[in-house]
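# Understanding the architecture of this molecule
The residues making up each chain are set out below.
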Amino acid sequence: QTTVVLNNLAKAYAESGKYELAEEMAREAVRIAEQTQNTHLSRFVANLGTILNLEGNVSKAKEALKRALKLADEAKDEETKELINDSLAEMEG
């Protein structure tokens, strides 16, 4: 539950242009999800990647999105994989 709330806060902060707070919340969601082996870890890492991209940190964003893609693949989460692939394609131009 905490991870979902943090992830939602991260999205809200990002949407309002508060990228530093968004990144902080997203990283905390990922940290907790890793510790608890949360099934939504790939989505949280993907969200972090999106926020990093909005901040202009493209290389770190791609790194996070590629990690998220691997996690989504391992979890057989096709919906998240599709979202991540779309994000990566947009970043490529």
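Residues numbered from 1 in each chain as written. Predicted model: local features only at pLDDT ≥ 70, side-chain atom pairs only at ≥ 80, totals over all residues. Heavy atoms only, no water.

### Focus: the overall build of the chain
As a reminder, the rule being used: Helix and strand labels come from DSSP, where a helix needs a run of H or I of at least four residues and a strand needs a run of E of at least two; each type is numbered from the N terminus. We compute the radius of gyration from the C-alpha atoms alone; for a globule the expected value is 2.2 Å times N to the 0.38, where N is the number of residues. Remark: exposure states derive from per-residue accessible area (1.4 Å probe, protein chains only) relative to the maximum for the residue type, with buried under 20%, exposed over 50%, and partly exposed in between. Contact between two residues is taken to exist if any of their heavy atoms lie within 4.5 Å; hydrogens are not considered. Areas reported here follow the Shrake-Rupley algorithm with a probe of radius 1.4 Å; residue values treat only the protein chains shown as occluding.
When you go through the chain residue by residue, the secondary structure sums to five helices and zero strands. For the chain, the N- to C-terminal ordering of α and β elements is α-α-α-α-α. Relative to a compact globule of 93 residues, whose C-alpha radius of gyration would be 12 Å, the chain shows 12 Å and is just as compact. Based on the C-alpha atoms only, the size of the chain along its principal axes is roughly 35 × 30 × 20 Å. A burial count over the chain gives 38% of its 93 residues as buried. Taking the intrachain contacts of the chain between residues at least 6 apart in sequence as the baseline, contacts between residues at least 24 apart amount to 51%. Summing over all exposed atoms, the chain offers an accessible surface of approximately 5,700 Å²; the carbon and sulfur share of this is 48%.

### Topic: the environment of D77
Looking at where D77 falls in the secondary structure, it is placed in the loop between α4 (58–74) and α5 (78–92). The exposure class assigned to D77 is buried, which follows from its relative accessible area of 16%. Leaving out residues up to four positions away in the same chain, D77 has contacts with S42, R43 and A72.

### Points about the packing of helix α3 (residues 41–54) against α4
Packed helices, taken two at a time, are described by their axes: the angle between them and the distance between them. As a reminder of what qualifies: The axes used here are C-alpha line fits, helices contributing only the stretch in contact, and every angle between their N-to-C directions lies in the interval 0 to 180 degrees. Oblique is the label for every angle not falling under 35 degrees (roughly parallel), over 145 degrees (roughly antiparallel), or within 65 to 115 degrees (roughly perpendicular). By convention the crossing between two helices is left-handed if the near helix lies anticlockwise of the far one by an angle smaller than a right angle, and right-handed if it lies clockwise. Gly falls in the polar group here, along with every residue not listed as nonpolar (Ala, Val, Leu, Ile, Met, Phe, Trp, Tyr, Cys, Pro) or charged (Asp, Glu, Lys, Arg).
With their axes 8 Å apart at the nearest point, α3 and α4 run at an angle of 165° to one another. Taken together, the axes of α3 and α4 lie roughly antiparallel to each other. As α3 runs across α4, the sense of the crossing is left-handed. Side by side, α3 and α4 meet where L41, S42, V45, A46, G49, L52 and N53 of the first sit next to V58, K60, A61, A64, L65, R67, A68, L71 and A72 of the second. Its residues placed into classes, the contact of α3 with α4 shows 11 nonpolar, three polar and two charged.

### Thoughts on helix α2 (residues 19–36)
For the record, the criterion: Here, expected helix span is obtained from the residue count minus one, scaled by 1.5 Å.
Taking 1.5 Å as the rise per residue, α2 with 18 residues should run 26 Å; its terminal C-alpha atoms sit 25 Å apart, in good agreement. Restricting attention to buried positions, one finds in α2 the residues A22, E23, M25, A26, A29, V30, I32 and A33. Next to the buried residues of α2 lie α1 (2–15), α3 and α4. In the stretch just after α2, Q37 is the one whose phi turns positive, near 55°.

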